[in-house]
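# Close look at the chain arrangement
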Amino acid sequence: MKLVAQLEELLYQAQHTPKKEELRLSDWRILVHESEAVSLGIKDNTPGGVYTPPSYRQGESGEVFLVWADGKCSQAMVQLGSDDDAGHWQQELAQWRQASYEDPDAAHIPSPAPVTLVTVEDRAIHAIFSGDGQILFDQVKRWLTDKPSKAKMQGSIQTAWGYRHVRTSTGLAVTYQQSQFASWFSFDSLIGGGFAKRRLSRPEEQEGLWARTLNLYEAMQIVAPPVGPHTQVILAPSMTADMLGQFILPNFSGDRVLEGQGAFPKESFLKNKLVFHPHFSLLIDPLRPLELGSYLVTAEGVPAVRTVLVHDGRLQSPYLRIKDSVRWGAKPTAIPQGMAGLYLKHKEEIPWGEALQGVEDGVLVLAVLGLHTQEAVSGSYSLSAPHSLRILKGQIVGKTDVKLTGNFFTDLVAPTTKAALSDLDTFPYLMITTGVQTL
Amino acid sequence: MEQKAIIALVQSVLAETRGFDGYVIVRAQSRREWGMRLSNGHFERVSTGADNGFGVQAFTKNGASGFATSDVLAEGACQKLIEKAIQLAQRNEAIGTKSNSRIWEAPQVVAEEANPAQKAFGEIPLAELEKMVMTLHSRLRDAFLEGVWQTSYRQVEEIWCIGRTDGTNVSFVIPRAVLMHQGTVRDKGKAQSTLSHRSGVDASVLFEELEDHALERKALDRAEFARAVCGAPQLPSGHYPLIIDYGLAKGLAHEAFGHAVESDHMKESVLGEAGKLRKGLRVARPGVNLIDGPLPGDWAYQPYSANGLLRQTVTIVRDGVLEAGLGDVFSAEEAGMPVTGAGRAESYGHIPLPRMSNIRLLVDRLLPLAPLDHLMDEVKAVRETLIQHGELIEGEKNLLLLGYRGGQVNPKTGDFVFQCDGIIDVADPTLPIYEPSIFSGKILSALEAIRGGLGEGCFDAIGTCGKGGQSVASSGGSHRYLLMDADQQVSLGGEHA
């Protein structure tokens, strides 16, 4: 018997005909994942070595959220037991009861709402699991054949497929299939590229990513002149994502805003305070087909909707789980899946190729050390970025090591900040004026 | 699952591999976790969880490997998983992977270690733990009303069993518990957060805290410090004589040196040459020592490797000279170091990698420093001790870096960065406070700059090591403070443009 079925039976019974009255539930919610994943890695030019062998993972686990008859709540992680023993689940129920706590705002299971359909499954990925997985081995072989001869390559490919089940006592019963494909590679652990979506990457995407990485790697072999005090700093798309993940996304988490732990107080959202330049908007969109951040319902069973966090530079809403939405007095919103599902838009975005031509004196920052150590609430950063790329007169001319000092909130407000589109990434290049020094 | 049941599971899986002409490692794990988080006086979350599962790492007779894992322990799952692992190993051999047959040389080990916890998992009912944590949280809020406080408590029990084709069967229990206070303070339009923790192996940490309130005092001191940092100026970037606390020293030891001597990194490590550990290389002044090994009762304690070998304590740097590395059975020999049982994994579902346990940076040249209850009293004592021993570098700032917020290192280039909570100039009798600033440079220069220590050894700086995308408990420390000379390759960040 599947885990989701065991849990449904257990919780339905505890709600309607409990074995003990103190174990009576008034409401409940179940989330279960059934998944299979395969992966293969490259370490130091070796495919499938002892630290990165071809791997297979199978899992069936989830979580339950319970509201007891006295209004207390419990939540627990669950997995399929070694048997379907009903006694086992009754013991679990008793333990969950012991772990119950008062949280009136959380004790709320909404009624089902219409679900907007979005494609989150690529059948080609399913075929990998029913077949022999040759695609992974072929991709790794191609990488190793095509890589620069002197480069030491690291890389990984992982693909996953499975079911997601969400059930609630209010009648929601959603089961859907979803897939995932992620790959990344790097040369000399300095320059790399990655892809992560709910579908396989297309040949033109693979070629584009490979060509871009190769160009950057070649530029990295040349020592370039140092930066000056007026050098423009350009964050590569992955860096833009990392900066947003460190300084922006945490400050839009509803619970942090409500608890006064974010950069923006609730009043600033209610007054639609201007916090970014009016050219910028920020949204969570889980309805884009086959994107990694897309889903049909959240883990709490809330149907996917587009949620605007910042519109034309003005605060609109934090992202709100059910409990936070009750406290906020609004509907629950979309929830980002890590950084996936989050999109930063600029009204005057131009293609990166065009933007690069206009850079007289710049430095392209591909990665920094220690970003996770920076203070998210203040937005201030002091970072070292060894192995950045110098840009002079519209050309990437070589490697340079820099140190960045500034404030990311200030960067997003500045009228001098521009964005440039990348056709290989969901986040833009961000062209900022900030403190930059030679490392 | 209990320890005996896990041992039986591993034995039954191994029994099903008898017809295979290669080698198999089976890892099974049962994990239980209770956690709770309180925010501003109310429970935000109380959760319980369990995760049982096993992984099979199969090697063809030529040394190609495949790996399969499952959290489904139902009948039939074991056989399917074994078949998958063997099939993947055979596919791997067909693509010409580099073979590794070192596991055949590993010594057979049979051991069943008792749970080192004083209070068994579940001995203190969850409801009672909730009351204790709420009491501690409420006291803290009452003592610092201007702060926004979150308190969390987590206790974990991992039961591991590792079995191998050669008859090895090792089982052990890893208990861990941690109480954390996180505060956010605002002043002069700026906000700063602070995090303090108290760790151990079981619920005893709560009983101890209720008795002595040591963590509460630390959290309050750190909150006051964070408030002062809100209005503090920035330091001009530069190279300064430094005093770093033991949390930062642990970060430096772990990120900068520990990872650079792990056997799987030697081809890309700044402490490697032609893939071998640069044994005999002078990396620090005489009297500087770097040691890694499990400490009973510690957050990162693990007595055996995830490959079933005894975890050894290793002196990485002795008297300033690089002496040894952290080797696991698969890469130690190639990296020119002995096998020290360094393989650790996040769970049964992960491939073990050579990793640290508790790493400590210790020096022979030591100044005495009596521990004091309050942070700024201790900072004053640091200043007085330095003056008394002629160790304050005159005519320039002597900067004390407080609190470890994390860091990152590129082991290939030797570049490191660390971040602290704030900085105090102990050369100035008014002890001015500065905003935190990036502490960065080259790892070999940083080690070479260490000139002494202050106070007794403190090894309870805890963290989670993220190597290889896994999350594994780590810990360590040094003397209460380490003294470092100014060095042109080690700097503190800079002012805003």
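Residues numbered from 1 in each chain as written. Chains lettered and ligands numbered in written order. Predicted model: local features only at pLDDT ≥ 70, side-chain atom pairs only at ≥ 80, totals over all residues.

As a further point, take the overall build of chain A. Along its length, chain A carries 11 helices and 19 strands. Relative to its length of 439 residues, chain A is compact, with a C-alpha radius of gyration of 24 Å against a globular reference of 22 Å. Over its C-alpha atoms, taken along the principal directions, chain A stretches across nearly 75 × 55 × 35 Å. The burial tally for chain A puts 50% of its 439 residues in the buried class. (Helix = DSSP H or I, 4+ residues; strand = E, 2+ residues; numbered from the N terminus. Rg over C-alpha atoms; globule rule 2.2 N^0.38 Å. Buried ≥ 20, exposed ≤ 12 C-beta atoms within 10 Å, placed from the backbone.)

Before going further, it helps to examine the overall build of chain B. Within chain B, the secondary structure is distributed over 8 helices and 26 strands. Over its C-alpha trace chain B gives a radius of gyration of 24 Å, about what one expects of a compact globule, namely 23 Å for 497 residues. In terms of overall dimensions, chain B has a C-alpha envelope of 75 × 55 × 40 Å along the principal axes. Residues counted as buried form 57% of the 497 residues belonging to chain B. Taking the intrachain contacts of chain B between residues at least 6 apart in sequence as the baseline, contacts between residues at least 24 apart amount to 73%. (Contact = placed C-beta atoms within 7 Å.)

What follows is about the environment of Gly414 of chain B. Residue and element names in this part refer to chain B. Tracing the backbone shows Gly414 in the loop between strand E19 (406-410) and strand E20 (415-419). Judged by local crowding, Gly414 falls into the buried class, with 20 C-beta atoms found within 10 Å. When the C-alpha positions of Gly414 and Ser193 are compared, they lie 29 Å apart, and in sequence the two are 221 residues distant.

Residue and element names in this part refer to chain B. Sheet topology note: the strand E11 (residues 288-292)/strand E12 (residues 314-318) ladder contains 3 bridges and is antiparallel. Looking at the pairing, Asp292 lines up with Val314 of E12. Of the strand pairs in this sheet, E12 and strand E13 (residues 321-322) are connected by 2 bridges, and their pairing is antiparallel. Its bridge partner lying in E13, Arg318 is registered against Val321. Taking the residues between adjacent antiparallel strands as the criterion, E12 and E13 are bridged by 2 residues, where Asp319 takes a positive phi near 55°. (Pairing = 2+ DSSP bridges.)

The next thing to look at is the domain arrangement of chain A. Residue and element names in this part refer to chain A. Along its sequence, chain A is organised into domain 1 (232-245 + 348-438) and domain 2 (249-346). For domain 1 and domain 2, the distance between their C-alpha centres works out to 24 Å. Contributing elements (two or more residues each) for the side of domain 1 that touches domain 2: helix H6 (237-248) and helix H11 (408-413). Its residues assigned to classes, the side of domain 1 that touches domain 2 shows 12 nonpolar, 5 polar and 2 charged. (Domains from an automatic or database assignment. Nonpolar A, V, L, I, M, F, W, Y, C, P; charged D, E, K, R; others polar.)

Residue and element names in this part refer to chain A. Read across the sheet, 4 strands follow the order E11-E10-E9-E12 without closing on themselves; strand pairing throughout is antiparallel. Among the strands making up the open sheet, the edge pair consists of strand E11 (314-315) and strand E12 (342-346). Sheet topology places strand E10 (residues 307-311) next to E11; 2 bridges connect them, and they run antiparallel. Considered in E11, the bridge of His311 is made with Arg314.

Residues and elements named next belong to chain B. Helix length check: helix H7 (residues 375-388) (14 residues) gives 20 Å between terminal C-alpha atoms against 20 Å at 1.5 Å per residue, within 8%. For H7, the set of buried residues is Glu378, Val379, Val382, Arg383 and Leu386. For H7, the angular spread of the buried residues around the axis is 145°, confining them to a single face. For H7, exposure combined with an orientation more than 90 degrees from the buried face picks out Asp377 and Gln388. (Expected span 1.5 Å × (residues − 1). Arc of directions from axis to C-beta.)

Attention now goes to the environment of Gly247 of chain B. Residue and element names in this part refer to chain B. Of note, Gly247 is situated in helix H6 (residues 246-258). Taking the C-alpha atoms as reference points, Gly247 and Leu402, separated by 155 residues in sequence, lie 8.1 Å from one another. Residue contacts for Gly247: discarding those within four places in its chain leaves Gly403, Tyr404 and Ala461.

Turning our attention to the pairing of strand E25 (residues 472-484) of chain B. Residue and element names in this part refer to chain B. For E25, the tally of buried residues reaches 13 of 13 residues, placing the bulk of the element in the interior. The sheet contact formed by strand E8 (residues 242-245) and E25 spans 4 bridges and is antiparallel. The residue of E25 that forms the bridge with Ile244 is Leu482. Looking at chain direction, strand E16 (residues 358-363) and E25 are connected through 4 bridges and run parallel. What sits directly across from Leu361, in E25, is Ser478. Inspection of the sheet shows strand E24 (residues 450-465) paired to E25 by 11 bridges, in the antiparallel sense. Bridge pairing in E25 links Gly452 to Leu483.

Turning our eyes to something else, we now look at the interface of chain A and chain B. On the chain B side, the residues contacting the 54 residues of chain A number 65 residues. Ranked by residue count, the leading element in the side of chain A that touches chain B is strand E3 (residues 55-68) of chain A, at 7 residues. Residues that form the side of chain A that touches chain B fall into these classes: 17 nonpolar, 27 polar and 10 charged. The pairing of strand E4 (residues 73-79) of chain A with strand E2 (residues 42-59) of chain B spans 2 bridges and is classified as parallel. For Ala76 of chain A, the partnering residue across the bridge sits in E2 of chain B and is Thr48 of chain B.

Residues and elements named next belong to chain B. Where helix H3 (residues 126-143) contacts helix H4 (residues 204-212), the two axes come as close as 10 Å, and the packing angle between them is 35°. Here H3 and H4 pass one another in a crossing that is left-handed. In this structure, H3 contributes Leu129, Met132, Val133, Thr135 and Leu136 to the contact, and H4 contributes Leu206, Glu209 and Leu210. Among the residues forming the contact of H3 with H4, the class breakdown is 6 nonpolar, 1 polar and 1 charged. (Axes fitted to C-alpha atoms, helices over the stretch in contact; angles between N-to-C directions. Left-handed = near helix turned anticlockwise from the far one by under 90°.)

The next subject is the sheet that holds E19 of chain B. Residue and element names in this part refer to chain B. Read across the sheet, 4 strands follow the order E19-E20-E23-E26 without closing on themselves; strand pairing throughout is antiparallel. Two strands bound the open sheet, and with one partner strand each, they are E19 and strand E26 (490-492). Averaged over all adjacent pairs, the angle separating strand axes in this sheet is 10°, with direction ignored. As paired elements, E20 and strand E23 (residues 439-442) share 4 bridges and run antiparallel to each other. Considered in E23, the bridge of Phe416 is made with Gly441.

Once that is clear, we can look at the packing of H3 of chain B against helix H5 (residues 214-230) of chain B. Axis angle and axis distance: for two packed helices, these are the angle between their axes and the distance between the axes, and together they describe the pair. All names here are of chain B. Following both chains from N to C, one finds H3 and H5 inclined at 35°, their axes separated by 10 Å at the closest point. Of the two possible hands of crossing, H3 and H5 adopt the one that is right-handed. Here Leu136, Arg139, Leu140 and Ala143 of H3 come into contact with H5, specifically with Glu216, Ala219 and Leu220. For the contact of H3 with H5, the per-class residue count stands at 5 nonpolar, no polar and 2 charged.

Let's shift gears to unusual backbone geometry. Its identity is not glycine, yet Lys393 of chain A carries a phi of approximately 50°, on the positive side. Locating Lys393 of chain A in the fold gives a position in the loop between strand E15 (380-392) and strand E16 (395-407). Among the residues examined, Lys393 of chain A registers 10 C-beta atoms within 10 Å and is labelled exposed. Even without a glycine there, the phi angle at Asp319 of chain B is positive, about 55°. With respect to the secondary-structure elements, Asp319 of chain B resides in the loop between E12 and E13.

Here the focus is H4 of chain B. Residues and elements named next belong to chain B. Taken residue by residue, H4 has Val205, Leu206 and Glu209 as its buried positions. Buried positions in H4, seen along its axis, are confined to an arc of 100° and lie on one side of it. Set apart from the buried face of H4 by more than 90 degrees, the exposed residues are Glu211 and Asp212. Where H4 is buried, its residues touch H3, strand E5 (148-164), strand E6 (169-187), strand E7 (190-200) and H5.

The predicted model of chain B has a mean per-residue pLDDT of 94, with 99% of residues at 70 or higher. Two summary scores accompany this predicted model of the complex, namely pTM at 0.92 and ipTM at 0.92. (pLDDT = per-residue confidence, 0-100.)

Residue and element names in this part refer to chain A. Looking at where Gly162 falls in the secondary structure, it is placed in strand E5 (residues 153-168). Take Gly162: there are 20 C-beta atoms within 10 Å of it, and that puts it in the buried class. Counting along the chain gives 36 residues from Gly162 to His126, while the straight-line C-alpha distance between them is 8.5 Å. What Gly162 contacts, discounting residues up to four positions off in sequence, is His33, Glu34, Ser35, Glu36 and Gln178.

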